Amino acid sequence: MRIRKLQPLLAFSGERCWVLTKTSMSSSGATEEEMEIPEGYAEIVVVRHGETSWNASRIIQGHLDPELNEIGRQQAAAVANRLSKEPKFNAIYSSDLKRAAETAQIIANQCDLKEVILDQQLRERNLGDLQGLTLVDAQKMKPNVYKLFLSHKRDQEIPGGGESLDQLHQRCISSFRKIASQHKGERVVVVSHGGFIRELHRKAAPNRKLEGKIQNTSVNVVLISASKNHWFIKKWGDTSHLQGIGALDSGFGGDKTSG
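Let me begin by describing the structure that accompanies this report. Small disclaimer: the values here were computed from a predicted structure and weren't measured. (Residues numbered from 1 in each chain as written. Predicted model: local features only at pLDDT ≥ 70, side-chain atom pairs only at ≥ 80, totals over all residues. Heavy atoms only, no water.)

Once that is clear, we can look at the overall build of the protein chain. Counting its secondary structure elements, the protein chain contains seven helices and seven strands. In the protein chain, which comprises 259 residues, the proportion classed as buried is 56%. Restricting to contacts in the protein chain with at least 6 residues of sequence separation, those with at least 24 account for 77%. For the protein chain, the computed accessible surface area is about 11,800 Å², with 47% contributed by carbon and sulfur atoms. (Helix = DSSP H or I, 4+ residues; strand = E, 2+ residues; numbered from the N terminus. Buried < 20%, exposed > 50% of the residue type's maximum accessible area, 1.4 Å probe, protein only. Contact = heavy atoms within 4.5 Å. Areas by Shrake-Rupley, 256 points an atom, 1.4 Å probe, with all protein chains shown as cover.)

Turning to the environment of Gly62, a few remarks are in order. Tracing the chain through its elements places Gly62 in the loop between helix H1 (53–57) and helix H2 (70–84). Each C-alpha atom, one on Gly62 and one on Arg123, is 8.0 Å from the other, the two residues being 61 residues apart in sequence.

Another aspect to go through is the pattern of salt bridges. According to the stated counting rule, one finds 13 salt bridges in the structure shown. The closest approach of N and O atoms between Arg82 and Glu86, which form a salt bridge, is 3.6 Å. Glu86 shares its class with Arg82; the two are buried. Between Asp166 and Arg154 there is a salt bridge, and its shortest N-O distance comes to 3.4 Å. Here Arg154 lies in the loop between helix H5 (143–150) and helix H6 (165–182) and Asp166 lies in helix H6, a separation of twelve residues in the sequence. Look at Arg154 and you get buried, because its relative accessible area is 16%. (Salt bridge = Lys/Arg side-chain N within 4 Å of Asp/Glu carboxyl O.)

The next subject is the nonpolar core. Core analysis: the biggest nonpolar cluster contains 28 residues, and Ile44 and Phe176 have the highest contact counts within it. Within the residue set of this core, elements represented by two or more residues are strand E2 (42–48), strand E3 (91–94), H6, strand E5 (187–192), helix H7 (194–204), strand E6 (219–225) and strand E7 (230–238). In terms of residue count, H6 provides more of this core than any other element does, seven residues in total. Residues within four places of Phe176 in sequence aside, it is in contact with Ile44, Val46, Val190, Phe196, Leu200, Ile224 and Trp231. (Core = buried A, V, L, I, M, F, W, Y, C linked by side-chain atoms within 4.5 Å.)

So, on to the packing of aromatic side chains. Per the counting criterion, the structure on display carries three aromatic pairs. Measuring from ring centre to ring centre gives 5.5 Å for Tyr41 and Phe232, while their planes differ by 50°; the resulting arrangement is tilted. One end of the pair, Tyr41, is in the loop between strand E1 (2–5) and E2; the other, Phe232, is in strand E7, with 191 residues separating them in the sequence. By relative accessible area, which is 16% here, Phe232 ends up buried. (Phe/Tyr/Trp six-rings, centres within 6.5 Å; stacked < 30°, edge-to-face > 60°.)

On to the environment of Asn220, then. Counting through the fold element by element, Asn220 comes out in strand E6. Overall, Asn220 belongs to the buried group, its relative accessible area being 0%. Residues Asn220 and Ile44, spaced 176 residues apart in sequence, show a C-alpha to C-alpha distance of 8.2 Å. Not counting residues within four places of it along the chain, the set of residues in contact with Asn220 comprises Ile44, Val45, Val46, Ile197, Lys235, Trp236 and Gly237.

Below, the discussion takes up the pairing of E6. Most of E6 sits out of view: seven of its seven residues are buried. Neither face of E6 is open: one carries Val219, Val221, Leu223 and Ser225, the other Asn220, Val222 and Ile224, and all of them are buried. With six bridges connecting them, E2 and E6 associate as antiparallel partners. For Glu43, the partnering residue across the bridge sits in E6 and is Leu223. Of the strand pairs in this sheet, E6 and E7 are connected by six bridges, and their pairing is antiparallel. Bridge pairing in E7 links Val222 to Ile233. The turn joining E6 and E7, which pair antiparallel and follow one another in sequence, is formed by four residues; a positive phi near 60° is taken by Asn229. (Pairing = 2+ DSSP bridges.)

Structure (structure tokens):
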């Protein structure tokens, strides 16, 4: 299997966003996965990476690069097996960080996808000076930075080269918009990170508050029309494939104050 890296993407703005409800879906009896993709749309299956030892130890990851732990690899194998039973995918994209790239490789192997396209624009939020610290140590050692991290101000950057939530949001939306424009009428997989995926939900469902975590290897499905600038959520937060393996509810990552 080949791995290819993408160049940085440009930012876009001004999209219209919608939520696809069950009442607006086909009544033909087909499952959600079997339904035809609307003309001009791409169907993007978004998966958070598997668990890492840093998730288990409550260490802030950001752009740092821990690998999957054994549970994470089991989670990746489970989601890969699930996706292999769905209609064919045309491509798979991933953050270039190891925890996402390894998850994507496992999915690609199971789904007979020959190439994982690595893109640094799909990375987690850069959390600057907090990266590599446990949540407790961040509060003790970097109290002022930690307060900025918890701030509700979306334009607040994190010292040490970190991003604001607004910057993360623009990076997220421009990435998905470009992928959607290249895959009209197709199904693709994107493997990314909790904070990044939360921004996708914010874009596609701006009037719906997202509670809880983006669980490791949770499956989230969106339909995006790059030309019409329409965004629909088809499925969100599905972890049914993790029965017998589980996700780390007590671990760090995937919520609104993590990375």
